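The primary structure of each chain is shown beneath.
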Amino acid sequence: METAAAEAPAGRRPVAFIAHPACRLHQMVPGHSEQPARVAVIAEELRARGLYDLLEHYEAPRATDEHLARVHPAAYIDHIRARAPAAGLEILDPDTAMCPETHEAARRAAGANVLAVDLVMAGRAQRAFCNVRPPGHHAERSRAMGFCLFNNVAIGAAHALEHHRLERVAILDFDVHLGNGTEDIFRDDDRVLLCSLFQHPLYPDLNPPSVPGRIVNCPLPADSGSAEFRAVVTEHWLPALEAFAPRMIFVSAGFDAHAFDPLAQLRLATDDYAWITDAACGVADRHANGRMVSTLEGGYDLKALAASGATHVERLMAGTPA
């Protein structure tokens, strides 16, 4: 059963914006696309639009071992802690590295999701956006990969399920890459509906089958654009969400399916991120008392990321259009 806090009074509440300075200190190899400027440009664009000061700002806490252990084994948590370098870079795999500040940044990125859930469940925020890095959706139970160490969104979803006793949550992943880590963690959990669309073939070179009622995977070929994107959401995601009736929605908000992104070949426009955000808000309003937590994943063209990320946050603030 859900906690009493789940039924906060109706009516619009603020949108929480959760960040931490440590997330700007994490560095990959020089010149890497997953760079500190990614979180900076979203905040800067929100300021330029006059929206930044209308958000409720919070500093992300450190996720505890207990928070992490809901989705990652203790041995893996200890492994990441032990690999943190005192200087230089520690290479975990060909795509994932740690600098001396990475472990702290990863703990804060995961902790942002825990705080976001607590704020939304307590009715202190209607929705939340976690402007954090490193990203998380490739992190499997026991494996760091694809720029990701801890699975931030999965940690938030597990906190909602285990601590707040929500009966059902949905995770919407519109990053251009398959969220293999999130699927690895929740594939056998019937409390979680995972809706994912992704370019295929593309890293991590997987195309797992959907699972009726629990996993909706929608691969798109290169050069797919707005029409194809909106069609799979309308025809596949939305019916599954309506049938599942989630009590909270989580979003793995990757903006690397944008036409200008250098790491993929989908052709989305900034308006598509407004459209999918409005659709998600509508489901949240119908089934979850508006509760939604969104977290930055990919997006590597800084101009496109700034515009798309800020538009996403703007639509979270607006809620569902009339």
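Refer to the preceding data block for the structure.
Everything numeric in this text was worked out from a predicted model, so none of it was measured.

The rules behind the values
Residues numbered from 1 in each chain as written. Predicted model: local features only at pLDDT ≥ 70, side-chain atom pairs only at ≥ 80, totals over all residues. Heavy atoms only, no water. Helix = DSSP H or I, 4+ residues; strand = E, 2+ residues; numbered from the N terminus. Polar contact = N/O pair within 3.5 Å; in protein donor to acceptor, adjacent residues only side chain to side chain. Contact = heavy atoms within 4.5 Å. Pairing = 2+ DSSP bridges. Axes fitted to C-alpha atoms, helices over the stretch in contact; angles between N-to-C directions. Parallel < 35°, antiparallel > 145°, perpendicular 65-115°, else oblique. Nonpolar A, V, L, I, M, F, W, Y, C, P; charged D, E, K, R; others polar. Patch = residues over 30% accessible without salt bridge, like charges linked within 9 Å, V, L, I, M, F, W, Y side chains within 5 Å. Areas by Shrake-Rupley, 256 points an atom, 1.4 Å probe, with all protein chains shown as cover. Salt bridge = Lys/Arg side-chain N within 4 Å of Asp/Glu carboxyl O. Buried < 20%, exposed > 50% of the residue type's maximum accessible area, 1.4 Å probe, protein only. Lys, Arg positive; Asp, Glu negative; His and termini not counted. Phe/Tyr/Trp six-rings, centres within 6.5 Å; stacked < 30°, edge-to-face > 60°.

Looking at the side chain of His138
And then number 1: Looking at the element boundaries, His138 is found in the loop between β5 (127-130) and α5 (152-162).
And then number 2: Here the side chain of His138 touches Asn180 through a polar contact of 2.7 Å, side chain to side chain.
And then number 3: Excluding residues that lie within four positions of it along the chain, His138 makes contacts with Arg143, Met145, Gly146, Cys148, His177, Leu178, Asn180, Gly181, Tyr203 and Pro204.

What to know about the sheet that holds strand β9 (residues 249-253)
And then number 1: On the basis of which strands lie adjacent, the open sheet formed by eight strands has the order β2-β1-β5-β10-β9-β6-β7-β8 and parallel pairing. The sheet terminates laterally at β2 (56-59) and β8 (215-220), the two strands that pair on one side only. Taking each pair of neighbouring strands and ignoring which way they run, the sheet shows an average axis angle of 15 degrees.
And then number 2: With five bridges joining them, β9 and strand β10 (residues 292-296) adopt parallel strand pairing. Within β10, the residue paired with Ala253 across the bridge is Leu296.

Description of the packing of helix α7 (residues 226-244) against helix α8 (residues 270-287)
Two packed helices can be described by the angle between their axes and the distance between those axes.
And then number 1: At their nearest, the axes of α7 and α8 sit 11 Å apart, and the two run at 10 degrees to each other. For the element pair α7 / α8, the angle class is roughly parallel. Residues Ser226, Phe229, Arg230, Val233, Thr234, Trp237, Leu238, Leu241 and Glu242 of α7 touch α8, and the partners they reach there are Asp271, Asp272, Trp275, Ile276, Ala279, Val283, Arg286 and His287.
And then number 2: Residues that form the contact of α7 with α8 fall into these classes: nine nonpolar, three polar and five charged.

Comments concerning a nonpolar patch on the surface
And then number 1: On the surface, a nonpolar cluster with roughly 230 Å² of combined accessible area is contributed by Val29, Leu89 and Ile91.
And then number 2: Considering the arrangement of structural elements, one finds Val29 in the loop between β1 (15-19) and α1 (37-48).

What about the side chain of Asp261?
And then number 1: With respect to the helices and strands, the residue Asp261 is situated in the loop between β9 and α8.
And then number 2: Within the buried set, Asp261 has no salt-bridge partner at all; the shortest N-O distance to an opposite charge, 7.4 Å, is to Arg38.
And then number 3: In terms of polar contacts, Asp261 uses its side chain to reach the backbone amide nitrogen of Tyr300, at 2.7 Å.
And then number 4: A polar contact is formed between the side chain of Asp261 and the backbone nitrogen of Asp301, at a distance of 3.5 Å.

Structural notes on the packing of aromatic side chains
And then number 1: One pass over the full model with this rule turns up eight aromatic pairs.
And then number 2: Here Phe17 and Tyr52 contribute two aromatic rings whose centre-to-centre distance is 5.8 Å and whose plane-to-plane angle is 70 degrees, an arrangement assigned as edge-to-face. Placement of Phe17 in strand β1 and of Tyr52 in the loop between α1 and β2 is noted, with a sequence separation of 35 residues between them. Per residue, the accessibility class of Phe17 equals that of Tyr52, and both read buried.
And then number 3: Feature note: the residues Phe17, Tyr52 and Phe129 constitute an aromatic cluster, connected by ring pairs.

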